[in-house]
Amino acid sequence: GGSILLAAGGAVKIGGRLSVDGGHGGVKKGIPKKNQSDVGHAGAGAGGRIALFGQSVTVAENSSISILGGRVGNCENTHMDIRSYNCAGDNGSLFIQSDIESEMSLDHTVGAMG
């Protein structure tokens, strides 16, 4: 999945998409058994790590952060958790450390007169 580290002495504002999703695997092969979880693995990758450090950290409303594990190509199971059938890599991790908890951020592109 890779890693992203953003650190600032001031504000960190995410205004787009951050992704460390794991890579997708191939097709599972092996001797078919009663329980599909006994079939061989296809190597889906785990998600990576995103770490954000700043005086304040905000994520814009239209932004996204993704740390999902990759999927295995031929695992189609709609009635159970896909991880119980080894159909996906583990999710990654997100760490945020900020000195100020805020629900607002400054817009440096517009002056006081708008």
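Not measured: the values here are computed from a predicted model.

Student: Help me get a handle on the overall build of the chain, residues and values and all.
Tutor: Along the backbone of the chain there are zero helices and six strands. For the chain, the N- to C-terminal ordering of α and β elements is β-β-β-β-β-β. Burial analysis of the chain (114 residues in total) assigns 27% to the buried set. Here the analysis covers contacts within the chain between residues at least 6 apart in sequence; of these, 69% occur between residues at least 24 apart. Accessible area for the chain stands at about 7,700 Å²; split by element, carbon and sulfur atoms hold 52% of it.

Student: Outline the packing of aromatic side chains, supporting the account with residue identities and numerical values.
Tutor: One pass over the full model with this rule turns up one aromatic pair. Aromatic pair Phe53 and Phe95: ring centres 5.5 Å apart, planes at 50°, arrangement tilted. Pair noted here: Phe53 is in strand 4 (residues 49-59) and Phe95 is in strand 6 (residues 93-100), with a separation of 42 residues, a long-range link. Of the residues examined, Phe53 reaches a relative accessible area of 28% and is grouped as partly exposed.

Student: Explain the environment of Arg49 residue by residue, including any values.
Tutor: Checked against the element boundaries, Arg49 lands in strand 4. Given the relative accessible area of 40%, Arg49 is considered partly exposed. As for Arg49 and Asn91, which are separated by 42 residues in sequence, their C-alpha atoms are 9.2 Å apart. Sequence-distant contacts of Arg49, that is, excluding residues within four places in its chain, are made with Gly2, Ser3, Ile4, Val20, Ser93 and Phe95.

Student: So what's going on with the pairing of strand 4? Which residues, and what values?
Tutor: Alignment of strand 1 (residues 3-7) against strand 4, held across five bridges, turns out to be parallel. What sits directly across from Ser3, in strand 4, is Arg49. Bridging between strand 2 (residues 11-14) and strand 4 involves four bridges; their strand directions are parallel. Residue pairing for strand 4: Ala11 is matched across the bridge by Ser56.

Student: Describe the nonpolar core, with residues and values.
Tutor: It is characteristic of soluble globular proteins that their nonpolar side chains tend to be buried jointly. Residues Val12, Ile14, Leu18, Val20, Ile50, Leu52 and Val57 constitute the largest nonpolar core, which totals seven residues. When residues of this core are traced back to their parent elements, those giving at least two are strand 2 and strand 4. Examining the composition of this core, we find that three residues originate from one element, strand 4, more than from any other. Ignoring sequence-local partners within four residues, the contact set of Ile50 consists of Ile4, Leu18, Val20, Ile65, Ser66, Ile67, Ser93, Leu94 and Phe95.

Student: So what's going on with the environment of Val20? Residues and values would help.
Tutor: With respect to the helices, strands and loops of the structure, Val20 is situated in the loop between strand 3 (17-19) and strand 4. On the basis of relative accessible area, Val20 is assigned to the buried category, the value being 2%. Once residues within four sequence positions are removed from consideration, Val20 is found in contact with Gly1, Gly2, Ser3, Ile4, Gly47, Gly48, Arg49, Ile50, Ser66, Ile67 and Leu68.

Thresholds, definitions, all that
Residues numbered from 1 in each chain as written. Predicted model: local features only at pLDDT ≥ 70, side-chain atom pairs only at ≥ 80, totals over all residues. Heavy atoms only, no water. Helix = DSSP H or I, 4+ residues; strand = E, 2+ residues; numbered from the N terminus. Buried < 20%, exposed > 50% of the residue type's maximum accessible area, 1.4 Å probe, protein only. Contact = heavy atoms within 4.5 Å. Areas by Shrake-Rupley, 256 points an atom, 1.4 Å probe, with all protein chains shown as cover. Phe/Tyr/Trp six-rings, centres within 6.5 Å; stacked < 30°, edge-to-face > 60°. Pairing = 2+ DSSP bridges. Core = buried A, V, L, I, M, F, W, Y, C linked by side-chain atoms within 4.5 Å.

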